[in-house]
Amino acid sequence: MNIQNVKGTHDVILKEAQAYERIESVMKAIAESYCFKEFRVPVIENSALFLRSVGESSDIVRKEMYTFLDKGGRSLTLRPEFTAGIIRSFVNNKLYATKDLPVKAYYVGPVFRYERPQLGRYRQFNQFGIETIGTTSVYHDVEAILLGYTILTALGLENVKVKINTLGDALSRQNYKNALKEYFSNHIDDMCVDCKQRYELNPLRILDCKVKEDQDIVKNAPTMSNYLSDDAKKRFDDLCALLEQVGVDYEIDDTLVRGLDYYSQTVFEYHYTSKKGINYGAVGAGGHYDGLVKEMDGPQLEGVGLSFGVERVFSVLNDDELLADVDDGCDVFVMPMGEDANEIGFYLLTTLRQYGFTSEIDVSGSKLSSMLKKANRLSSKYAIILGEEEINTRILTIKDLFKQEQYKINVDNLIDFLDSRLNNAEDEHEHCSCNDEKEHHCCGHHDETQCCGHESQKHNHGCCGHNHDEEHHCCNKDSNKGE
Ligand code: AMP
């Protein structure tokens, strides 16, 4: 019986997995540079957590949660988002008692929503996000928006559209909801079933409806800006001014309300249409919240969060061919010629790996030509041929598979040779004026340093990444800095 993956899930394998790894490591590195620390919270939580935080008017709670009873009869839910779990953890671990508020958390992992699978919409997908908990400052809203913008730019996306809006404070929101109820009361009979429920539970959510006919009605609805208190208006003006100051290109979208009930004041989304013209919806989104920590029985603290859908970020990067170089290939492919050479080949392979070279071996005893084909399929940079002669003389035959050149290298110089070729030499040679690899002792050709005509007392030359504790003029590098 052929068992298929569950509807709405997908395998992330091979190059795609490498791409996810690249995307997530860029996200993590940038979050860490903003002093966010990683939080790993459980995938399963008590259902009450999401009922209380995400809100009963949200689509997530109304129809998308994977909720089940465990064998002890407890109602559990696979997390449909991270914020609730992070705030629960913040409260349970009494992090509010720290002197150093706000606490800045980042997270990455799978979330689950029972949605209708379609382009950019899965039932299990991955989110990367941040939460800054314990702040009312608009600077932290700006920091969150800037962080997301920086991540997308660092990944190579240009012309990211940042949409922002304010939902105001509680009073502004209540006044606005009343105005919306009055307006929609004349139209609600013509609107979709979901909107009829939203009308009762939270009329703000009607603004987010994706049904074409409903959107036409929404166009003439009152806008939030007319119901903002002076404080909420000032906060939003400050936000806009600060975003301009830090160079985030934004547009105000007064229908932006977000699908989760806990937001107040600032809300934002990142939109990007790939060069092929495909719009996957928001690749990331977030906002400020003021009641969540208290809702979980913590003190009255506010916060701001941002979350990216990793699948969507992957899709736009993939469409724009920004992930083509994600597979680094293999540094060295060892090719023992025959059974007898396998043992030494395997020993050599192990040594290469210990030195940090990505290495593979073919122990199948195949012909040289088919081993070379395999080496090329793995995008190997070098292939080492290990036949009887090589083993007896300890002089290895090494093929540079990109340049199609062949070298004879004493096994004792192998690591230095590879190190100079793969780790540093190419970049460094670009800085050198000599540009002559053959003259370059790091490749085993010369004992004296010849590159650029400068002399170094050391045989091991800094530009090759070898020990070198003096400033190296030919490469303009200060070796003391470890370069
Ligand atoms: P949300 O938690 O609803 O604010 O969503 C944050 C981000 O998660 C969105 O901007 C999307 O990029 C992503 N996302 C939301 N729902 C899905 C889904 N069903 N499949 C894939 N990505 C999603």
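Structural notes, computed from the coordinates. (Residues numbered from 1 in each chain as written. Predicted model: local features only at pLDDT ≥ 70, side-chain atom pairs only at ≥ 80, totals over all residues. Heavy atoms only, no water.)

### Overview of the overall build of the protein chain
Here comes step 1: A count of helical and extended segments in the protein chain gives 15 helices and 18 strands.
Here comes step 2: Put simply, the protein chain has 483 residues, and 50% of those count as buried.
Here comes step 3: Sequence separation of at least 24 residues holds for 65% of the intrachain contacts in the protein chain that already meet a minimum separation of 6.
Here comes step 4: Surface accessibility of the protein chain: about 24400 Å² in total, with carbon and sulfur atoms responsible for 47%. (Helix = DSSP H or I, 4+ residues; strand = E, 2+ residues; numbered from the N terminus. Buried < 20%, exposed > 50% of the residue type's maximum accessible area, 1.4 Å probe, protein only. Contact = heavy atoms within 4.5 Å. Areas by Shrake-Rupley, 256 points an atom, 1.4 Å probe, with all protein chains shown as cover.)

### Looking at the site of the ligand
Here comes step 1: Around the ligand sit 16 residues in total, of which Arg 113, Glu 115, Tyr 122, Arg 258 and Ala 282 are the nearest.
Here comes step 2: Between Tyr 122 and the ligand, the recorded distance is 2.8 Å, taken from a backbone N or O atom to a nitrogen atom.
Here comes step 3: Here an oxygen atom of the ligand sits 3.3 Å away from a polar atom, N or O, in the main chain of Gly 284.
Here comes step 4: Against a free-state accessible area of 490 Å², the protein chains account for coverage of 93% of the ligand.
Here comes step 5: With 4 residues, the top contributor of residues to the shell around the ligand is strand E10 (residues 279–289).
Here comes step 6: Partitioned by chemical class, the residues of the shell around the ligand number 6 nonpolar, 5 polar and 5 charged. (Near = heavy atom within 4 Å. Polar contact = N/O pair within 3.5 Å; in protein donor to acceptor, adjacent residues only side chain to side chain. Nonpolar A, V, L, I, M, F, W, Y, C, P; charged D, E, K, R; others polar.)

### Here we look at a nonpolar patch on the surface
Here comes step 1: A contiguous nonpolar surface patch, about 220 Å² in accessible area, is contributed by Val 43, Ile 44 and Phe 68.
Here comes step 2: Within the fold, Phe 68 resides in strand E3 (residues 66–69). (Patch = residues over 30% accessible without salt bridge, like charges linked within 9 Å, V, L, I, M, F, W, Y side chains within 5 Å. Salt bridge = Lys/Arg side-chain N within 4 Å of Asp/Glu carboxyl O.)

### Focus on the layout of surface pockets
Here comes step 1: The volume enclosed by the second largest pocket comes to roughly 400 Å³.
Here comes step 2: In terms of lining residues, the second largest pocket is bounded by 23 residues, among which Ser 53, Arg 173, Asp 261, Tyr 262 and Tyr 263 are the most central.
Here comes step 3: If you list the elements that add at least two residues to the lining of the second largest pocket, you get helix H2 (47–53), helix H6 (170–185), strand E9 (263–273) and helix H10 (292–295).
Here comes step 4: In terms of residue count, the dominant contributor to the lining of the second largest pocket is H6 (4 residues).
Here comes step 5: The residue makeup of the lining of the second largest pocket, split by class, is 9 nonpolar, 6 polar and 8 charged. (1 Å grid on protein atoms, 1.4 Å probe; cavity = no way out; pocket = protein on both sides within 12 Å on 5 of 7 lines; lining within 4 Å. Points joined across faces, edges and corners; volume = space filled by probe spheres on them.)

### Thoughts on the pattern of salt bridges
Here comes step 1: Inspection of every chain in the model, using the stated rule, returns 26 salt bridges.
Here comes step 2: Here Arg 353 ties to Glu 360 by a salt bridge, and the two come within 3.5 Å at their closest N and O atoms.
Here comes step 3: Note on Arg 353: relative accessible area 40%, which makes it partly exposed.

### Quick look at helix H1 (residues 14–33)
Here comes step 1: With 20 residues, H1 should cover 28 Å at 1.5 Å per step; its first-to-last C-alpha distance of 29 Å lies within 8% of that length.
Here comes step 2: Those residues of H1 not exposed but buried are Ala 19, Tyr 20, Ile 23, Glu 24, Met 27, Ile 30 and Ala 31. Along the long axis of H1, the arc covered by the buried residues comes to 125°, so they all point the same way. Residues Leu 14, Lys 15, Glu 21 and Ser 33 are exposed on H1 and point more than 90 degrees away from its buried face.
Here comes step 3: In this structure, the buried side of H1 is in contact with strand E5 (103–112), strand E6 (124–133), helix H5 (138–154), strand E11 (303–309) and helix H11 (310–319).
Here comes step 4: Backbone geometry just downstream of H1 places Cys 35 in the positive-phi region, at approximately 70°. (Expected span 1.5 Å × (residues − 1). Arc of directions from axis to C-beta.)

### Some points on the packing of aromatic side chains
Here comes step 1: Scanning the entire structure with this criterion turns up 13 aromatic pairs.
Here comes step 2: Note on Phe 90 and Tyr 96: the rings are 6.3 Å apart at their centroids and 65° apart in plane angle, and the pair reads as edge-to-face.
Here comes step 3: Judged by its relative accessible area of 0%, Phe 90 is buried.
Here comes step 4: An aromatic cluster is built from Tyr 262, Tyr 263 and Tyr 289, whose rings are joined through pairwise contacts.
Here comes step 5: Positioned above the aromatic ring of Tyr 114, the side-chain terminus of Arg 123 is 3.9 Å from the ring centre.
Here comes step 6: Sitting above the plane of the Tyr 199 ring, Lys 181 keeps its charged end 5.1 Å from the centroid. (Phe/Tyr/Trp six-rings, centres within 6.5 Å; stacked < 30°, edge-to-face > 60°. Lys NZ or Arg CZ within 6 Å of the ring centre and 35° of its normal.)

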